[in-house]
Amino acid sequence: MTAPLRNMLAFFCAMAVLGLSLSVQFKAQNSPDRELYQQRQENLIVMVKNLTEKRQRLGQEMSDLSSQLYDRRNAFEDESLTIKSLEQQLARLEIANGTRPITGQGLEIQFQATSAVQYTDLIVLINELWAAGAEAIAVGGYRLNANSYIFYSDSPEGRLISVNNSPVPLPLRVQAIGNAGSLERGLTLPGGFMDIMMYNKIYPTLRQKESLDLPAVTSPPLYYYLSAYTAPAPAAAATGQAKNATR
Amino acid sequence: MFFVRFALKKKLTAILTLTLACFLIGCLFSLHQSTASGSNQSAALSERMDNLVSTISDLEREIAAYEGLIEQYRTELAAMDSGHQTAAIQALQEDLKMAQLRAGLTQVTGKGIEIILDDNYEGLRENPGGDPNHYIIHYEDLLSIVSDLKSAGAEAIAINDQRLIGTTELRCVGNVILVNTTRLAPPFVIQAIGNPSILWDTVAHGRYDYLRLNHFPVSLEVGDSLVLPAYKGELQFVHAKLL
């Protein structure tokens with residue numbers, strides 16, 4: 001081999017490796033995984049755990065939906081079977097919407113009469129309970145739904161926490177249906193809700209309950225501005241979704 | 001003599017090129033390693049990171065596929081013909097339609113507002129020594145704005161294509177924000193259907209204003225016909241039973 005050829009070959013190899021490592025580098029810097037690489041390992045483990053649980057629940061939902069589809073097809077022109085299948089679908093949505101009273105195991109959080117709890121603490125608590133897998137929540141006896149809000153209202157007795165504008169005086173009880181152990185663990189994580197409360201000298205008590213009864217929402221939401229969207233054509237629906245996804 | 005010098009010069013050029021290339025590769029490699037592992041962590045640790053990240057990506061892909069199927073099943077179920085329509089069936093189907101709308105399983109449209117929040121990259125660039133936490137949007141910011149929207153009577157809310165339903169939680173793991181266990185990346189686009197002027201006034205005097213005053217790139221706009229996606233996740237109730 002002549003010297004120029006050898007040089008060229010060496011140069012070519014070096015450039016090839018350079019190109020390769022550049023592309024690897026570029027990938028690591030720009031892929032959506034980049035933010036994951038910036039997280040601590042224990043956080044990634046938590047994410048894997050959460051996603052695995054979610055996949056399992058989605059799998060269950062898929063099998064429920066496909067058996068509903070199967071039932072409906074089989075019930076074709078059979079009125080009583082169709083009604084039964086529709087009622088089953090409706091029952092599940094009524095739990096989700098809080099339009100029927102429900103029962104189940106869960107966790108009860110009690111704030112004492114002298115507690116300095118603020119409405120913002122309750123917003124955090126409720127969010128933590130959903131994150132810990134709560135299936136339904138009631139605050140001061142008011143069942144929550146997608147439109148419920150926690151705020152405060154001024155009354156002759158002073159400033160009170162309110163749920164959907166109804167005051168909920170202290171002592172205050174928050175009830176959540178779900179796996180009682182998971183719900184308690186969700187609140188007692190280091191640096192979690194109970195630690196924040198203790199730091200603010202608020203000492204709520206937690207009690208796991210084998211059976212909690214939650215009432216239905218007092219008034220289901222009314223819609224003045226919202227209506228179901230029907231896509232003018234399949235193509236238009238697709239662009240609408242893409243628009244949302246890229247924002 | 002000239003020929004020898006010429007050959008030497010050529011060799012020197014080649015050596016220099018190679019040195020430069022190797023140096024560059026070395027730099028890139030080390031940069032890559034530090035991107036991958038964050039700090040001076042061992043190769044084993046970095047391999048474990050790789051595994052975790054790829055597990056997360058795989059799960060997210062699977063979940064997206066499941067959600068696509070769930071949406072398709074729900075659409076199919078809603079459009080199902082029941083042979084002859086009796087009054088009882090029709091009444092139930094109406095109830096079901098309303099219940100699906102309330103549960104967030106329907107794509108909805110209406111007047112409202114759109115809020116965009118982004119990390120304050122410029123602020124961080126100007127203060128490289130500052131605490132990065134002061135320049136990023138946290139889940140608490142989203143939680144606070146969502147609470148403002150609900151108290152202002154928002155009828156439906158979505159953040160970056162994730163529809164908020166009754167049981168939706170906002171959380172963070174590390175500094176990754178998750179809604180419906182789905183990873184969201186900035187900018188965060190919060191859309192809410194409701195009375196635009198009430199929504200606007202409430203949001204503009206809450207957490208949004210704090211972010212604006214602290215130079216976060218944020219915006220607030222009225223939308224005449226916002227379209228919010230349906231919730232594509234599960235509605236599983238293991239413990240809650242109807243009384």
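Since this is a predicted model, take the numbers as computed values, not measurements.

**Q** Can you help me understand the overall build of chain A in this one?
**A** Of the regular secondary structure elements, chain A holds eight helices and nine strands. Only carbon and sulfur atoms are counted for the fraction: they give 57% of the accessible area of chain A, which is about 13300 Å².

**Q** Please explain helix 4 (residues 79-97) of chain A as it appears in this structure.
**A** Think of an α-helix as turning once every 3.6 residues; residues three or four places apart then point the same way. When the terminal C-alpha atoms of helix 4 of chain A are compared, their 26 Å separation across 19 residues agrees well with the 27 Å that a helix rising 1.5 Å per residue should span. By the burial criterion, the buried members of helix 4 of chain A are Thr82(A), Ile83(A), Ser85(A), Leu86(A), Gln89(A), Leu90(A), Arg92(A), Leu93(A), Glu94(A), Ile95(A) and Asn97(A). Tucked into the core, helix 4 of chain A has its buried residues touching helix 3 (41-74), strand 1 (102-111) and strand 3 (142-143) of chain A together with helix 2 (43-78), helix 3 (87-102) and strand 9 (241-242) of chain B. Of the residues flanking the start of helix 4 of chain A, the one acting as N-cap is Asp78(A), its side-chain oxygen 3.2 Å from the backbone nitrogen of Ser80(A).

**Q** Explanation requested: the packing of helix 5 (residues 139-151) of chain B against helix 6 (residues 196-204) of chain B in the structure shown.
**A** Angle between the axes and distance between the axes are the two parameters that describe a pair of packed helices. Residue and element names in this part refer to chain B. Interhelical geometry of helix 5 versus helix 6 gives an angle of 145° and a closest axis separation of 9 Å. In this structure, the crossing between helix 5 and helix 6 has a hand that is right-handed. Facing helix 5, whose interface residues are Asp148, Leu149 and Ser151, helix 6 presents Leu199, Thr202 and Val203. For the contact of helix 5 with helix 6, a count of residues per class yields three nonpolar, two polar and one charged.

**Q** Is there a simple way to think about the pattern of salt bridges in this case?
**A** Where side chains of opposite charge bring their charged atoms close, a pairing between them can arise. The full count for this structure, using the stated rule, is 17 salt bridges over all chains. Measuring nitrogen to oxygen at the nearest pair gives 3.0 Å for the salt bridge that ties Arg55(A) to Glu62(B). A residue pair is termed interchain when its members come from two chains, as with Arg55(A) in helix 3 and Glu62(B) in helix 2. Residues Arg183(B) and Glu60(B) are paired through a salt bridge, measuring 2.8 Å at the closest nitrogen-oxygen approach. Placement of Arg183(B) in strand 6 (residues 182-184) and of Glu60(B) in helix 2 is noted, with a sequence separation of 123 residues between them. Overall, the relative accessible area of 23% leaves Glu60(B) in the partly exposed class. Put simply, Glu61(A), Asp64(A), Arg92(A) and Arg74(B) are held in one network by salt bridges that share partners.

**Q** What is the right way to look at the pairing of strand 5 (residues 176-179) of chain B in this model?
**A** Regular strands place side chains that alternate from one sheet face to the opposite one. Residue and element names in this part refer to chain B. Side chains Val176 and Leu178 of strand 5 all project onto a buried face; the interleaved residues Ile177 and Val179 project onto the opposite face, where all are buried too. The sheet contact formed by strand 4 (residues 170-173) and strand 5 spans four bridges and is antiparallel. Among the inter-strand pairings, Arg171 is bridged to a residue of strand 5, identified as Leu178. Joining the antiparallel neighbours strand 4 and strand 5 is a turn of two residues, in which Gly174 adopts a positive phi near 65°. As paired strands, strand 5 and strand 6 are joined by three bridges and run antiparallel to one another.

**Q** Can you help me understand helix 6 of chain B in this one?
**A** Considered for burial, the residues of helix 6 of chain B that qualify are Pro196(B), Leu199(B), Val203(B) and Ala204(B). Here the buried residues of helix 6 of chain B occupy an arc of 115° about the axis, which is enough to place them on one side.

**Q** Help me out: how do you make sense of the packing of aromatic side chains in this one?
**A** Each pair of aromatic rings is reported with the distance of its centres and the angle of its planes. All names here are of chain A. As enumerated under the stated definition, the model contains three aromatic pairs over all chains in all. Between Tyr119 and Tyr152, the ring centres sit 5.4 Å apart and the planes meet at 55°, which makes this aromatic pair tilted. Of this pair, Tyr119 sits in helix 5 (residues 119-131) while Tyr152 sits in strand 4 (residues 150-155), and the two are 33 residues apart along the sequence. Taking 4.8 Å as the distance between ring centres and 20° as the angle between the ring planes, the aromatic pair formed by Phe151 and Tyr152 counts as stacked. Looking at Phe151, the relative accessible area reads 30%, which means it is partly exposed. Among the aromatic residues, those joined into a ring-pair cluster are Tyr119, Phe151 and Tyr152.

**Q** What is the right way to read the interface of chain B and chain A from this model?
**A** The figure often quoted for interface size is the accessible area lost as the parts come together. Opposite the 107 residues of chain B that make contact, chain A presents 97 residues. The interface formed by chain B and chain A contains six salt bridges. Across the pair Glu61(A) and Arg74(B) runs a salt bridge whose closest N-O atoms are separated by 2.8 Å. There are 35 residue pairs in polar contact (both at pLDDT 80 or more) connecting chain B and chain A. If you tally residues by element for the side of chain B that touches chain A, the top one is helix 2 of chain B, at 22 residues.

**Q** Looking at this model, I keep getting lost on the environment of Asp161(B). Mind explaining?
**A** Locating Asp161(B) in the fold gives a position in the loop between strand 2 (156-159) and strand 3 (162-163). The sequence separation of Asp161(B) and Ala230(B) amounts to 69 residues, and the corresponding C-alpha distance is 8.8 Å.

**Q** Sorry if this is basic, but what is going on with the side chain of Asn97(A) here?
**A** Examined against the element boundaries, Asn97(A) turns out to sit in helix 4. Residues contacting Asn97(A), with those up to four places away along its chain left out, are Asn145(A), Val217(A), Ala99(B), Arg102(B) and Ala103(B).

**Q** What's the story with the sheet that holds strand 6 of chain B in this structure? I'm lost.
**A** Note: strands within a sheet are paired through backbone hydrogen bonds, in either parallel or antiparallel orientation. Residue and element names in this part refer to chain B. Strand order in the open sheet formed by three strands is 4-5-6, with antiparallel pairing between adjacent strands. Looking at which strands have only one partner, the edges of the open sheet turn out to be strand 4 and strand 6. Neighbouring strand axes in the sheet, compared pairwise and without regard to direction, differ in orientation by 40° on average.

Rules used in this analysis
- Positions within a chain are numbered from 1, following the residues in the order the chain's sequence is written.
- Numbering of ligands from 1 and lettering of chains from A proceed in the order in which they are written.
- Only residues with pLDDT of at least 70 get local features here, since the model is predicted, and only at 80 or more are side-chain atom pairs given and counted; chain-wide, interface and lining totals rely on the full set of residues.
- Side-chain figures throughout are based on the complete set of non-hydrogen atoms in the structure, without hydrogens or water.
- We count a stretch as a helix when DSSP gives it H or I for four or more residues in a row; a strand needs E for two or more, and each element gets its number in order from the N terminus.
- For the area figures, the Shrake-Rupley method with a 1.4 Å probe applies, and any residue is considered shielded solely by the protein chains shown.
- Each helix should span, by expectation, one fewer than its residue count multiplied by 1.5 Å.
- Exposure classes here rest on a 1.4 Å probe applied to the protein chains alone. A residue is buried below 20% of its type maximum, exposed above 50%, and partly exposed in between.
- Between two residues, a contact is recorded if the distance between any of their heavy atoms is within 4.5 Å.
- Polar contact is defined as a pair of N or O atoms within 3.5 Å, subject to the rule that within protein one atom must be able to donate a hydrogen and the other to accept it, and that residues adjacent in sequence are counted only when both atoms are side-chain atoms.
- Simply put, an axis is a line fit to the C-alpha atoms, just over the touching stretch for a helix, and the angle between two N-to-C directions goes from 0 to 180 degrees.
- We call a crossing left-handed when the near helix sits turned anticlockwise from the far one by less than a right angle, and right-handed when that turn is clockwise.
- Residue type decides the class: Asp, Glu, Lys and Arg count as charged, Ala, Val, Leu, Ile, Met, Phe, Trp, Tyr, Cys and Pro as nonpolar, and the leftover types, Gly among them, as polar.
- Criterion for a salt bridge: a side-chain nitrogen of Lys or Arg within 4 Å of a carboxyl oxygen of Asp or Glu.
- Strands qualify as paired when DSSP identifies two bridges or more between them.
- Comment: arc refers to directions from the helix axis out to C-beta atoms.
- When the centres of two rings from Phe, Tyr and Trp lie within 6.5 Å, Trp using its six-membered ring, the rings pair. Their planes under 30 degrees apart give stacked, over 60 give edge-to-face, and anything left gives tilted.

In short, the description is geometric, and any link to function would need to be established separately.
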